[in-house]
Amino acid sequence: MTDIASSSFVRHDLVNERPAPVKTTGFIGWVRTRLFNSPTNILLTILGALLLWFTIVPSVKFLMVDAVWSGQDRAACLTENAGFAVGACWPYIQAKLPQLIYGFYPEAERWRVNLALVLAAVLLLPLLVPRLPAKGLNAGLFFFAFPVVAFFLLHGGGIKGFGLSWTAGLLELFDDSITGAGNVVLNLSKTSAMAPLLWIIGNLIVLVGTAIHWLVFPLIWLRDQIQGSGQSVWADFAVTTAVVSLIAFVLGGGLRTGWRALAASIATFLAIAIVIKLMGLDHGGLPVVQTSLWGGLLVTLVVSVTGIVTSLPIGIALALGRRSTIPLIRIFSIAFIEFWRGVPLITVLFFATYMLPLFLPGNFTVDGLVRALIGIALFTGAYQAENVRGGLAAIPRGQGEAAAALGLSWWKTTSLIVLPQALRHVIPNLVNSFISLFKDTSLVSIVALFDLLGSLRASFSDPKWSTPSTAFTGFAFAGIIYFIFCFGMSRYSLFVERRLNAHRRN
Amino acid sequence: MSTEARKPPAQIALKIRRILGGKAGWNGVAVQFAFAAILGWIGYEIVSNARANLENQHIAAGFGFLRNNAGFDVNQTLISYTGSDTFLRVFVVGLLNTLVVSVVGIFFATVIGFIVALCRLSPNWLLSRVGEIYVEIIRNLPLLFQILFWYLAVLAALPNPRQSISVLGIAFISNRGLVIPRPIGESGFEPFLAMLALGIVVSLGLRFYARRALFERGQVIRIWPSVLALLFGLPLATMLVFGLPFTFELPQLKGFNFAGGSRIIPEFVALTVALSTYTAAFIAEIVRAGILSVHKGQMEAGSSLGLSRGATLRLIVVPQAMRVIVPPLTNQYLNLTKNSSLAVAIGYPDLVSVFAGTSLSQTGQAIEIIAMTMGVYLLISLVTSAVMSVYGWRVSRSLGA
């Protein structure tokens, strides 16, 4: 007993209080763990703080503290007049703001630009909020109706005919081209060694041309009758409405199920008629503003929106072509995509500006802006094709096979089952492409179009505002605009991505 | 009576149909014919219109113009060039300028990109925020904007040569560009070069031998002292024997400009700075994604095997990250090369600027010149993608083995 008691140890006094553990929560703890937890980290924190100190402080000082806020010309922004080292020269931006936004668009007509921008915003915003309904109608309005309306709003001018006249004109052009080609081959056959063969081919082509001529003859006759009448636009419009609605009715299933298609078609044409009447397109429309007068943010937005709207269908067509099993179509799509992806955009713009006019008939001049738009659409289309292809590859084979088992044709499988899923998958990638497209629109200033950057550069050469800080002020302003647009789009793409991957989040 | 298996029906017709028309069969063949007809028609229209238009403008098609005298000067040439040289030489001069700005830009973009990526991955909160701000700002501004910013705002704001900013008294920055010392070859230059090359070759051979020894016999050979001696000791010894390989000619301010030294034109500086900082932001994201793609468990497994942190990074993490990083990184290098064509905006004499710009406006040979320019970039990107597919094939093979 005793030896146990003597060997046992019972503590009688309390152990001293240990110091509290190092705090790892709250602001202090956060600072300790994330900024000052080791000598290296302390050094890095000091380095980071120094970096921020030497970039943020001078920028804020330049943009706000040392800035000049009002004045009439450069005199206000000179150090000797202001009495301190002048930072940003904001009166210069105020004076140049109309030029930076509208370019040389006539002052009296600028309400049209504002209206087009408001329309775009009203149509685009509900499209971006996933919770709002009627995405199909909204998308249709934004991608098809809005570009046409915006064109007549911004460019002005009216129409002389409608669907029928345009179809007739196009077919006539096509027919002329075929007959011309046939005659060229016939001429060749007089001198060539393979004379009989060429003679046969030439006559065949001419025969096809003549046949087409007789086929389209009633159409052309009708067109001439309509153009001869007093109300050419409305007569043409009525005929087009009747024909298209009838076709929609028949294709929609005739008497059995075609009524819905008929109603939709008539409603669409009614809307078109209202637009034509509102804008007075049937008698000249708004005064024409040549695109050479457009400039600034307007051109930037026009080029990027047109690029977005036109590149997506091109991209989808090319992506489907690249996945097709038909050899020629696949080879063509691959070559087309790889070609445009392999060359820089600036050479594409040079191509569109200098080479494209050579490829078109001599009497056919294309506006400078439209040429750049064609180049950008082809270029961006190739990039979008690769994005869409990624989405198509992500759709399991079973989806297509299930659709085939239900008896759907290739077109229906693609447009109803595969494409909607594929496009939803790649929305973030598409938006990222749109960001780079938006940034790339600045390149049009190299081919003599005055977009935001081009207008900015032009405004630097104004002697009225040339001060040491003019260039920095201009770049700060344009940079903020570009940043807001691109950063907004990239945040939106992140938002969509997170929403799409909601099921994968843990 | 034995029943023999029936022969499968002849599939030759089916196979032909499949080859000619894909899954769509004869419909596919018909579609192809229609498509070919449309393509032929478009091609015919283009050729006939181009011929008529060229005739109207009195331009002779063909590449004969390449032998004509260019008659304009280029302000940065790597090979000798005067105004009386041919357009072909202009093409080569422009191409070399493009390649030079691309290579220099790629070097700096890689360095800056890796630094920014390390910043973003740093556990230090402030430093990772600094990296993030850099990436967000640079990525969301157009490249052309940045090039013009450096050229029109920053470089134009620099003082003139007389008040130029001196870097250690050997290089000078002014609004006329950057002046740096020029190396001049001396008598010891050739032996120095030869010894340097020998050192590099022998070091590579040593490394190869050491790896063979490690993999086949498990024998660890320490090679770094000998490599160090080969790479630095050998050239130094040569220098002692044969004298200095080259000396530097320092720039001197004379009158209103610098004499001596070599001048790097401001356009080159602006373009390189803009291209490398811009591409660096994308490279940083690629590197960061690559390193994050290696699972945390790999690092833990490495340390549980007793490897040091450095050895784990070098042997386990980096090789796996590289597999993710290299393909998009090459893509960024290619983008940088293509983006160098924006030089035309500030007048740096690259391929697009001197050939598709000046030469085109002088000769009017739009089709030939633009085709040649596009062809160069297309060739570069096709070669790169071919190399990358070989790399991808090797990686997938090494993964499979």
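For clarity, every value in this text was computed on a predicted model and none was experimentally measured.

What counts, and at which threshold
- Residues numbered from 1 in each chain as written.
- Chains lettered and ligands numbered in written order.
- Predicted model: local features only at pLDDT ≥ 70, side-chain atom pairs only at ≥ 80, totals over all residues.
- Heavy atoms only, no water.
- Helix = DSSP H or I, 4+ residues; strand = E, 2+ residues; numbered from the N terminus.
- Rg over C-alpha atoms; globule rule 2.2 N^0.38 Å.
- Buried < 20%, exposed > 50% of the residue type's maximum accessible area, 1.4 Å probe, protein only.
- Contact = heavy atoms within 4.5 Å.
- Areas by Shrake-Rupley, 256 points an atom, 1.4 Å probe, with all protein chains shown as cover.
- Lys, Arg positive; Asp, Glu negative; His and termini not counted.
- Charge placed at Lys NZ, Arg CZ, Asp CG, Glu CD.
- Pairing = 2+ DSSP bridges.
- Salt bridge = Lys/Arg side-chain N within 4 Å of Asp/Glu carboxyl O.
- Buried area = accessible area lost by both parts, 1.4 Å probe.
- Axes fitted to C-alpha atoms, helices over the stretch in contact; angles between N-to-C directions.
- Parallel < 35°, antiparallel > 145°, perpendicular 65-115°, else oblique.
- Nonpolar A, V, L, I, M, F, W, Y, C, P; charged D, E, K, R; others polar.
- Domains from an automatic or database assignment.
- Patch = residues over 30% accessible without salt bridge, like charges linked within 9 Å, V, L, I, M, F, W, Y side chains within 5 Å.
- Phe/Tyr/Trp six-rings, centres within 6.5 Å; stacked < 30°, edge-to-face > 60°.

Okay, the overall build of chain A next. Looking only at helices and strands, chain A features 21 helices and 0 strands. A compact globule built from 506 residues would reach a C-alpha radius of gyration of about 23 Å, whereas chain A, at 33 Å, exceeds it by more than 25%. The proportion of buried residues among the 506 residues of chain A is 40%. In chain A, 69% of the contacts between residues at least 6 apart in sequence involve partners at least 24 apart. Of the roughly 28,500 Å² of accessible surface on chain A, a fraction of 70% belongs to carbon and sulfur atoms. Side-chain charges in chain A split into 35 positive and 22 negative, and the spacing between the mean points of these groups amounts to 8 Å.

The next point concerns the pairing of strand β2 (residues 171–174) of chain B. Residues and elements named next belong to chain B. Relative to β2, strand β1 (residues 165–167) runs antiparallel, the two being bridged by 3 bridges. Across the sheet, residue Ile 165 finds its bridge partner in β2, namely Ile 173. Between β1 and β2, which pair antiparallel and follow one another directly, the connecting turn spans 3 residues, one of which, Leu 168, has a positive phi of 55°. Remark: 2 residues form the turn of the hairpin made by β2 and strand β3 (residues 177–180), two consecutive strands paired antiparallel.

Moving on: the pattern of salt bridges. All names here are of chain A. The tally for this structure, following the rule as stated, stands at 16 salt bridges over all chains. With a closest N to O distance of 2.7 Å, Arg 112 and Glu 109 form a salt bridge. Neither residue differs from the other here; Arg 112 and Glu 109 are each classed as buried. Across the salt bridge formed by Arg 397 and Glu 401, the nearest N and O atoms sit 3.2 Å from each other. With Arg 397 and Glu 401 both in helix α17 (residues 397–405), this residue pair falls 4 residues apart, about one helical turn.

In this complex, chain B contributes 62 residues to the contact, which on the side of chain A involves 62 residues. For the pairing of chain B and chain A, the buried interface totals around 5,300 Å² over both sides, and the portion due to carbon and sulfur atoms is 75%. When the buried area of chain B at its contact with chain A is split by residue, B:Asn140, B:Phe145 and B:Met374 rank highest and sum to 12% of it. Across the chain B-chain A interface, the total number found is 1 salt bridge. Between A:Arg491 and B:Glu136 there is a salt bridge whose closest N-O contact spans 3.1 Å.

With that settled, consider the sheet that holds β3(B). Residue and element names in this part refer to chain B. Taken together, the 4 strands give an open sheet; going across it, the order is β1-β2-β3-β8, and neighbouring strands pair in antiparallel fashion. In the strand order of this sheet, the two ends are held by β1 and β8 (262–264), each with one partner. Here the strands of the sheet are splayed against their neighbours by 20° on average, with no regard to which way each runs. Each of β3 and β8 is contacted by helix α8 (residues 266–293), which is oriented at about 50° to β8, the strand it contacts most.

Turning next to the packing of helix α9 (residues 195–228) of chain A against helix α10 (residues 232–251) of chain A. All names here are of chain A. Contact geometry of α9 with α10 gives a least axis separation of 7 Å together with a crossing angle of 140°. With respect to each other, α9 and α10 are oriented oblique. Of the residues in α10, those in contact with Leu 222, Ile 226 and Gln 227 of α9 are Ser 232, Ala 235, Asp 236 and Val 239. Grouping the constituent residues of the contact of α9 with α10 by class yields 4 nonpolar, 2 polar and 1 charged.

Attention now goes to the domain arrangement of chain A. For chain A, the domain assignment lists domain 1 (1–61), domain 2 (93–105 + 290–504) and domain 3 (163–283). Between domain 1 of chain A and domain 3 of chain A, the C-alpha centre-to-centre distance is 82 Å.

A contiguous patch of positive charge, built from A:Arg323, A:Arg330, B:Arg18 and B:Lys23, is present on the exposed surface. Inspection of the secondary structure puts A:Arg330 in helix α14 (residues 327–342).

Right, let's get into the environment of B:Ala52. Residues and elements named next belong to chain B. Here Ala 52 shows up in helix α2 (residues 26–56). Exposure remark for Ala 52: the relative accessible area of 38% places this residue in the partly exposed category. For the pair Ala 52 and Trp 224, spaced 172 residues apart in the sequence, the C-alpha separation amounts to 70 Å.

Our next topic: the side chain of A:Arg322. Residue and element names in this part refer to chain A. Considering the arrangement of structural elements, one finds Arg 322 in helix α13 (residues 296–323). Judged by relative accessible area, which is 15%, Arg 322 ranks as buried. If sequence neighbours within four positions are ignored, Arg 322 has contacts with Arg 330, Ser 333, Ile 334, Ile 337, Glu 338, Glu 386 and Arg 389.

Turning next to the packing of aromatic side chains. In total, this model carries 37 aromatic pairs over all chains according to the counting rule given. Taking the centre distance of 5.2 Å and the plane angle of 75° together, the rings of B:Phe107 and B:Phe108 count as edge-to-face. Note on B:Phe268 and B:Tyr348: the rings are 5.8 Å apart at their centroids and 50° apart in plane angle, and the pair reads as tilted. Residue B:Phe268 is found in helix α8, and its partner B:Tyr348 is found in the loop between α10 (309–339) and α11 (351–363); the two are separated by 80 residues along the sequence. Summarising the burial analysis for this pair, B:Phe268 and B:Tyr348 share the class buried. Among the aromatic side chains, those forming a connected cluster through ring pairs are A:Phe62, A:Phe438, A:Phe460, A:Phe472, A:Phe475, A:Tyr482, A:Phe485, B:Phe145, B:Phe149 and B:Trp150.

Residues and elements named next belong to chain A. Judged by side-chain polarity, Phe 36, Ile 42, Ile 46, Leu 50, Trp 53, Phe 54, Ile 56, Val 57, Val 60, Met 64, Val 65 and Trp 69 come together as a nonpolar surface patch covering roughly 1,200 Å² of accessible area. With respect to the helices, strands and loops of the structure, Val 60 is situated in helix α3 (residues 39–65). Here Val 60 falls in the partly exposed class, since its relative accessible area comes to 43%.

Right, let's talk about the environment of B:Gln57 for a bit. Residue and element names in this part refer to chain B. If you trace the backbone, Gln 57 turns up in the loop between α2 and α3 (87–121). The class for Gln 57 is partly exposed, based on a relative accessible area of 46%. A C-alpha to C-alpha distance of 29 Å links Gln 57 and Tyr 377, two positions 320 residues apart in sequence.

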